[in-house]
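Chains, contacts and geometry: an overview
Below are the chains, spelled out letter by letter.
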Amino acid sequence: MQLFPRTWAEISLDALRWNLRQIRSKLPPRTLLALVVKADAYGHGLIPIARAASNFGADWIAVATVQEGIALREAGIEAPILVLAPALPIEAQQVVFYELSSLVESLQTAEAISHAATQQGRIAKIHLKIDTGMARFGVQPEEAVKFAESIIAMPNVRLEGIASHFANAAFSNEYTQWQYERFQKALCEIKERNIHPEIIHIGNSAALVNFPEAMNYNMVRIGILAYGITHVGDPGFEIRPVLRWKARIMAMRELEAGSFIGYNCTYRTSSKARIATLGVGYGDGYHRALSNKGFVMLHGKPCPIRGLVCMDQIMVETTHVPEAKVGDEAILLGPELNAVELAKIVGTTPHEITTRIMSRVPRYYIS
């Protein structure tokens, strides 16, 4: 019996281990490594990836939401967990109960966390987020000292860390340098008030490759690079793709010249063509923008998509692959056809290519 008859993703934990080791080798000896596992670990599977990363030497696990942090705690993950997006005051009780460290930009949220920690008889951990130029969230650098002083005055709260986030470290060293200098200035002003958080972090995957100065702080947050996707530039060391997405041929047909394929008749054959239908579609997360543009690999050969991507199937031309038959595996994403290449076709970021893979696509973990 075929374990995965239609479509599935194979996740190589060995590749994840390799990537984390390579990344670790580029960090100063005492720098903490936080693996970012938000959005279902970029489509790779939140809990299995977090558990594996903890075993492979990641010091921290970073998530986007309180709910992701709770899921990890309830799965038995004991590593320190940092919530990257600002928690709402109504989430304060959960932040404290599940021992989540949280980035904070609002005194209202900090006060709610302090109140919850006092009620529960615990010490909550807060990381002050400074907005140095991303304009997403965080206090302005000139307000950081006052905010830090307010936090340390609250009962049952510890200012564990201070953080910021680069907006364009992959493509603009000039803007990254400007952000870095703003962060440095705010840190100096905070330390002048005798406030010394134990963890400082701003570095990410792009900064590891293009802006090594950010590695001088004592923690870095690594996301996309750990999953083997290198759109941020050449890291200078081998990175292995962690995910391979496959689908099987469900049907085959021979079409005459002039035949239309798919919804809205967007593709018409110019000559006789052999068309395979694969058991994957946009309902599985396969990007509809790949219609008539993308391709899959079948028996080591690229097979172009013909017609619109359907909810549950795609059609590809296999005229040049005469050995193709029902049940054969096609590679949708992997070392042979990586997320960066597909993202260029779609006009998006490779992050979206993997995070779109839906939960109905089984993940098969290989170690």
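These numbers come from a predicted model, not from an experiment. (Residues numbered from 1 in each chain as written. Predicted model: local features only at pLDDT ≥ 70, side-chain atom pairs only at ≥ 80, totals over all residues. Heavy atoms only, no water.)

**Overview of the pairing of strand 2 (residues 32–36)**
- Of all five residues in strand 2, four are buried, a share of seventy percent or more.
- Two strands pair when backbone bridges link them, and strand 2 and strand 9 (residues 219–222) are joined in this way by four bridges, in the parallel orientation. Bridge pairing in strand 9 links L32 to M219.
- As paired elements, strand 2 and strand 3 (residues 60–63) share three bridges and run parallel to each other. Counterpart to L35 in the pairing with strand 3 is I61. (Buried < 20%, exposed > 50% of the residue type's maximum accessible area, 1.4 Å probe, protein only. Helix = DSSP H or I, 4+ residues; strand = E, 2+ residues; numbered from the N terminus. Pairing = 2+ DSSP bridges.)

**Concerning unusual backbone geometry**
- Of note, D40 is a non-glycine position whose phi angle comes to about 60 degrees, a positive value.
- Note that D40 resides in helix 2 (residues 38–42).
- Even without a glycine there, the phi angle at A41 is positive, about 55 degrees.
- Topologically, A41 is positioned in helix 2.

**Let's talk about the sheet that holds strand 6 (residues 124–129)**
- The parallel closed barrel is built from eight strands, whose spatial order is 2-3-4-5-6-7-8-9. The average angle at which neighbouring strand axes cross in this sheet is 30 degrees, direction not considered. (Axes fitted to C-alpha atoms, helices over the stretch in contact; angles between N-to-C directions.)

**Some details on helix 1 (residues 13–25)**
- Look at helix 1: 18 Å from first C-alpha to last across 13 residues, which is about the 18 Å you get at 1.5 Å a residue.
- Looking at the buried positions of helix 1, the neighbouring elements they touch are strand 1 (7–12), strand 2, helix 3 (46–55), helix 9 (205–210), strand 9 and strand 18 (363–366). (Expected span 1.5 Å × (residues − 1). Contact = heavy atoms within 4.5 Å.)

**Quick word on the nonpolar core**
- Formed by 126 residues in total, the largest nonpolar core has its most connected members in V37, L128, L278, Y286 and I314.
- With residues up to four places along the chain from it excluded, the contact list for V37 reads L46, I49, A50, I61, A62, V63, L72 and Y227. (Core = buried A, V, L, I, M, F, W, Y, C linked by side-chain atoms within 4.5 Å.)

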